[in-house]
Amino acid sequence: MTFQDIFKSSFLENIASISMLDMAIALVLAFLLGLFIFFVYKKSYSGVMYSASFGVTLVALSLITTLLIMTVVSNIVLSLGMVGALSIVRFRTAIKEPMDIAFLFWSIAVGIVLAAGLIPLAVFGSIFIGAVLVAFSKRKTVDSPYILVAHCENSEIEEQVRIFVKTQVKRLNLKSKSVCGGCVELNYEVRLKDDNSAFVNQLEAMPGVSRVVLVSYNGDYMG
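Along each chain, residues carry numbers from 1 onward, in the same order as the chain's sequence is written. Per-residue local features are limited, in this predicted model, to residues with pLDDT of at least 70; the limit for side-chain atom pairs, both in listing and counting, is 80 or more; totals at the level of whole chains, interfaces and linings are taken over all residues. Think of the side-chain values as coming from all heavy atoms in the structure, minus any hydrogens and water.

## Section: the pattern of salt bridges
In a structure, side chains of opposite charge can pair up when their charged atoms sit close to one another. When a carboxyl oxygen of Asp or Glu is within 4 Å of a side-chain nitrogen of Lys or Arg, the pair counts as a salt bridge. Scanning the entire structure with this criterion turns up four salt bridges. The shortest N-O distance in the salt bridge between E159 and R162 comes to 2.7 Å. Of this pair, E159 and R162 both sit in helix 7 (residues 155–168), separated by three residues, roughly a single helical turn. Residue E159 is classed as partly exposed on the basis of its relative accessible area of 36%. Buried means the residue's accessible area, taken with a 1.4 Å probe over protein chains only, is under 20% of the maximum for its type, while exposed means over 50%, and partly exposed covers the values in between. Residue classification places R162 among the partly exposed residues on the basis of a relative accessible area of 30%. With a closest N to O distance of 3.4 Å, K175 and E189 form a salt bridge. Note that K175 is positioned in strand 2 (residues 169–180) and E189 in strand 3 (residues 183–192), a separation of 14 residues in sequence. Using a relative accessible area of 46% as the deciding quantity, one classes K175 as partly exposed. The class of E189 is buried, set by a relative accessible area of 12%. Within the structure, one salt-bridge network assembled from shared partners comprises K175, E189 and R191. Secondary structure elements are defined from DSSP: runs of H or I of at least 4 residues count as helices, runs of E of at least 2 residues count as strands, and each element is numbered from the N terminus.

Shown next, in the form of structure tokens:
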């Protein structure tokens, strides 16, 4: 064994394991499909607070997954070490919207399929998934719920408010009621008629009503 054999490394031998053309095609397609996922996410988002950084994360996740899976495919020994290294990583970011999980898995799946060389599956599969998500996001199956908050001077005004609001909305459900110093605060879940909220102005102008607030409600947020 010579001195050169001791420091001999197979690092340069791995350069030719993946051709430059394969790398370029896979990364460019991952970037384009990541942008497509970003576009679908933006069009189909129905939450309260849209996050542009999450959309950029979807693009980056497609690229990173493609890079990792190409490494796994090219070198089985390196892939085992990579799996062990990634197993210690813990992600604790809270997912606020259930649909965000689907988009995260979609980005990861695109990276895996592209790196495996199944380009038609990645392209046509993404187009089909995107069309389904956009179609379901545009379809309004139920009326959007709102929370109506009204402050009344006494119980008589409270009854007048209930009767008036009931005639102005499709559905009215009392969520909570609090009384402090004779003032009554009512929280109703309402479904508007044709998204018409003009009755709020009339309700605020009623004698004995000091404050009226109408906010969108999705079960987790109000805003």
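## A few points about the packing of helix 2 (residues 20–44) against helix 5 (residues 98–115)
The angle between the axes and the distance between the axes are what describe a pair of packed helices. One way to put it is that helix 2 packs onto helix 5 with a least axis distance of 10 Å and a crossing angle of 165°. Taken together, the axes of helix 2 and helix 5 are roughly antiparallel relative to one another. Judged by the sense of rotation from one axis to the other, the crossing of helix 2 with helix 5 is right-handed. The segment helix 2 lies against helix 5, with A26, L29, A30, L33, F36, I37, V40, Y41 and S44 engaging D100, F103, W106, S107, V110 and L114. In terms of residue class, the contact of helix 2 with helix 5 is built from 12 nonpolar, two polar and one charged. Fitted lines through C-alpha atoms serve as axes, helices being fitted only where they are in contact, and the angles separating the N-to-C directions of these axes extend from 0 to 180 degrees. Throughout this description, any angle smaller than 35 degrees is read as roughly parallel, any larger than 145 degrees as roughly antiparallel, any in the 65 to 115 degree range as roughly perpendicular, and the remainder as oblique. Here is the rule for handedness: rotate from the far helix to the near one, and if that takes an anticlockwise turn smaller than a right angle the crossing is left-handed, while a clockwise turn gives right-handed. Here, residues are in contact when the closest pair of their heavy atoms is within 4.5 Å. Asp, Glu, Lys and Arg are counted as charged, while Ala, Val, Leu, Ile, Met, Phe, Trp, Tyr, Cys and Pro are counted as nonpolar; the rest, among them Gly, fall into the polar class.

## Quick look at helix 5
The α-helix advances 3.6 residues per turn, and as a result positions three or four apart in sequence lie on the same side. Helices are assigned an expected span. That span is 1.5 Å times one less than the residue count. The end-to-end C-alpha separation of helix 5 is 27 Å, in line with the 26 Å expected for 18 residues at 1.5 Å each. For helix 5, the full list of buried residues reads D100, F103, L104, W106, S107, V110, G111, V113, L114 and A115. Note on helix 5: the residue one or two positions beyond its end, G117, has a positive phi of about 90°.

## Some details on the packing of aromatic side chains
Stacked, tilted and edge-to-face pairs are distinguished by plane angle, under 30 degrees for stacked and over 60 for edge-to-face with tilted covering the rest, among Phe, Tyr and Trp rings (Trp via its six-membered ring) whose centres lie within 6.5 Å. Applying the stated rule across the entire model yields four aromatic pairs. Pairing Y41 with F103 gives two aromatic rings, centres 5.2 Å apart and planes at 80°, and the pair type is edge-to-face. Taken together, the residues span a long stretch of sequence, with Y41 in helix 2 and F103 in helix 5 at a distance of 62 residues. For the pair Y41 and F103, a shared accessibility class is recorded, and that class is buried. Geometrically, the ring pair formed by F103 and W106 is tilted, given 5.9 Å between the ring centres and 35° between the ring planes. On the criterion of helical spacing, the pair formed by F103 and W106 is a turn pair, its members being three residues apart in helix 5. The class for W106 is buried, based on a relative accessible area of 6%. Here a set of aromatic residues connected by ring pairs shows up, and it is made of F36, Y41, F54, F103 and W106.

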